[in-house]
Amino acid sequence: PEDVQLRVHLASAYTRTGEPDRAIQLIMNSGMLDSIANGWRGSEEIDAFYALVDAAYSAGQPEVARELVFGHLDSHYTGAARLSNDWWIAISTACLYAVVGDDAAVYDRLQRNLENNHLVWDPQLKDSSCFERFQDDPAYIAVLEHHENRRAMLRERLPATLADYGVSL
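Throughout what follows, the structure given in this document is the object of discussion. (Residues numbered from 1 in each chain as written. Predicted model: local features only at pLDDT ≥ 70, side-chain atom pairs only at ≥ 80, totals over all residues. Heavy atoms only, no water.)

## What to know about the overall build of the protein
For clarity, the cut-off: In this description a helix means any DSSP run of H or I spanning at least four residues, a strand means any run of E spanning at least two, and both kinds are numbered starting from the N terminus. Burial classes: relative accessible area under 20% of the type maximum marks a residue as buried, over 50% as exposed, and values in between as partly exposed (1.4 Å probe, protein chains only). We call two residues in contact whenever any of their non-hydrogen atoms come within 4.5 Å of each other.
Tallying secondary structure elements over the protein gives ten helices and zero strands in all. Scanning the protein from its N terminus toward the C terminus, one meets helices and strands in the order α-α-α-α-α-α-α-α-α-α. For the protein, buried positions account for 40% of its 169 residues. Contacts in the protein between residues far apart in sequence, at least 24 positions, make up 62% of those at least 6 positions apart.

Structure follows, in structure tokens:
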């Protein structure tokens with residue numbers, strides 16, 4: 001019960017396996033929402049927030065998800081953070097904007113993600129309910145392909161990189 005990060009991962013797993021109501025209950029009973037309301041203290045709280053938004057959206061409670069998102073966007077993604085192409089900020093805010101129906105902002109964030117060489121977490125991009133309606137969208141597909149191509153290139157270079165550091169397989 002004291003392992004907050006484990007609770008967040010379990011909540012995400014519940015949502016992704018079709019049990020978002022269990023995820024909502026897990027996050028709501030964790031005490032993390034109190035600390036979220038008073039400012040972030042650690043990554044588990046932001047992870048809990050995203051897990052809760054995803055669960056509410058998946059559970060057919062878009063109004064609850066939107067209410068959470070509007071407050072978060074207004075208070076956390078201002079100034080330079082709005083312009084970031086960091087994979088986490090670009091993809092997570094694209095997801096939030098998808099929840100509130102701001103497709104122009106979704107496309108802007110997806111495009112920004114293409115400018116970054118860091119790999120996105122596949123579950124964040126592929127399994128989040130916010131991106132379900134974008135599955136056939138060329139902009140979304142371009143991001144998926146970008147990351148698949150980047151992974152393939154890195155896998156191809158891995159043996160030479162390991163050899164450069166004296167590591168053999």
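## Some remarks on the side chain of Gln-124
The topology assignment puts Gln-124 in helix H9 (residues 122-127). Taking relative accessible area as the criterion, Gln-124 reaches 10% and is therefore assigned buried. Contacts of Gln-124, omitting those with residues within four sequence positions, involve Arg-16, Trp-87, Trp-88, Ile-91, Ser-92 and Phe-131.

## Overview of the nonpolar core
For clarity, the cut-off: Definition of nonpolar core: a set of buried residues of the types Ala, Val, Leu, Ile, Met, Phe, Trp, Tyr and Cys, connected through side-chain atoms within 4.5 Å.
Within the largest apolar cluster, 42 residues are counted, with the highest numbers of intra-cluster contacts made by Ile-27, Leu-110, Leu-125 and Phe-131. At the level of secondary structure, the elements contributing two or more residues to this core comprise helix H1 (4-16), helix H2 (20-28), helix H4 (43-58), helix H5 (62-76), helix H7 (87-100), helix H8 (103-114) and helix H10 (138-164). Per element, the largest residue contribution to this core is eleven residues, and it comes from H7. Not counting chain neighbours up to four residues away, the residues in contact with Phe-131 comprise Ile-91, Ala-94, Cys-95, Leu-110, Gln-124, Leu-125 and Tyr-140.

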